[in-house]
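Fold and contact review
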Amino acid sequence: MSDTPALPTCACGRDRRHPLVIPEPVYLRGGCLVWGLGMGKLPDYVNYRCRQCGEVFDKTTDVAIRRQYR
Ligand SMILES: [Zn+2]
């Protein structure tokens, strides 16, 4: 038994903290509505893709993380 829940991993066993795993911001909507808020366009979520196997194996909707990619 593990005391920390494991992060999802891709086929080659990397998790989102690995340097070969790149975040990809995903936008589901057009920007027009969001511009009115004056905070730029925030991605709806961020995918994590492994550069080695190309698999998208994890994603986050954490606002603090999404703000880094707007
Ligand atoms: Zn991989």
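Fair warning: this is a prediction, and the values are worked out from it, not measured in the lab.

Looking at the side chain of Asp-15
Along the chain, Asp-15 turns up in the segment before strand E1 (21–26). The class for Asp-15 is buried, based on a relative accessible area of 16%. At a separation of 2.9 Å, a polar atom in the side chain of Asp-15 contacts the main-chain amide nitrogen of Arg-17. Not counting the four nearest positions on each side in its chain, Asp-15 is found in contact with Leu-7, Pro-8, Thr-9, Val-21 and Phe-57.

Observations concerning the packing of aromatic side chains
Counted by the stated rule, this structure contains 0 aromatic pairs. Seen from the ring of Tyr-45, Lys-59 lies directly overhead, with NZ or CZ sitting 4.4 Å from the centre.

With respect to the environment of Lys-59
Inspection of the secondary structure assignment puts Lys-59 in strand E3 (residues 56–60). Relative accessible area serves as the criterion here: at 49%, Lys-59 is assigned to the partly exposed category. With 10 residues separating them along the chain, Lys-59 and Arg-49 place their C-alpha atoms 8.9 Å apart. Each residue touching Lys-59, except ones within four places of it in the same chain, is listed here: Arg-16, Tyr-45, Val-46, Asn-47 and Tyr-48.

Focus on the coordination of the zinc ion
Around the zinc ion, the protein supplies Cys-10 (SG), Cys-12 (SG), Cys-50 (SG) and Cys-53 (SG) as donor atoms, at distances of 2.1 to 2.4 Å. Around the zinc ion sit 4 donor atoms, and with donor-metal-donor angles ranging over 103 to 118° the site reads as tetrahedral. Taking relative accessible area as the criterion, Cys-10 reaches 5% and is therefore assigned buried. Overall, Cys-12 belongs to the partly exposed group, its relative accessible area being 34%.

Calculation rules
Residues numbered from 1 in each chain as written. Predicted model: local features only at pLDDT ≥ 70, side-chain atom pairs only at ≥ 80, totals over all residues. Heavy atoms only, no water. Helix = DSSP H or I, 4+ residues; strand = E, 2+ residues; numbered from the N terminus. Buried < 20%, exposed > 50% of the residue type's maximum accessible area, 1.4 Å probe, protein only. Polar contact = N/O pair within 3.5 Å; in protein donor to acceptor, adjacent residues only side chain to side chain. Contact = heavy atoms within 4.5 Å. Phe/Tyr/Trp six-rings, centres within 6.5 Å; stacked < 30°, edge-to-face > 60°. Lys NZ or Arg CZ within 6 Å of the ring centre and 35° of its normal. Donors = N, O, S within 2.8 Å, 3.2 Å for Na, K, Ca; no water. Tetrahedral: all angles 85-135°; square planar, octahedral: opposite > 155°, others 65-115°.

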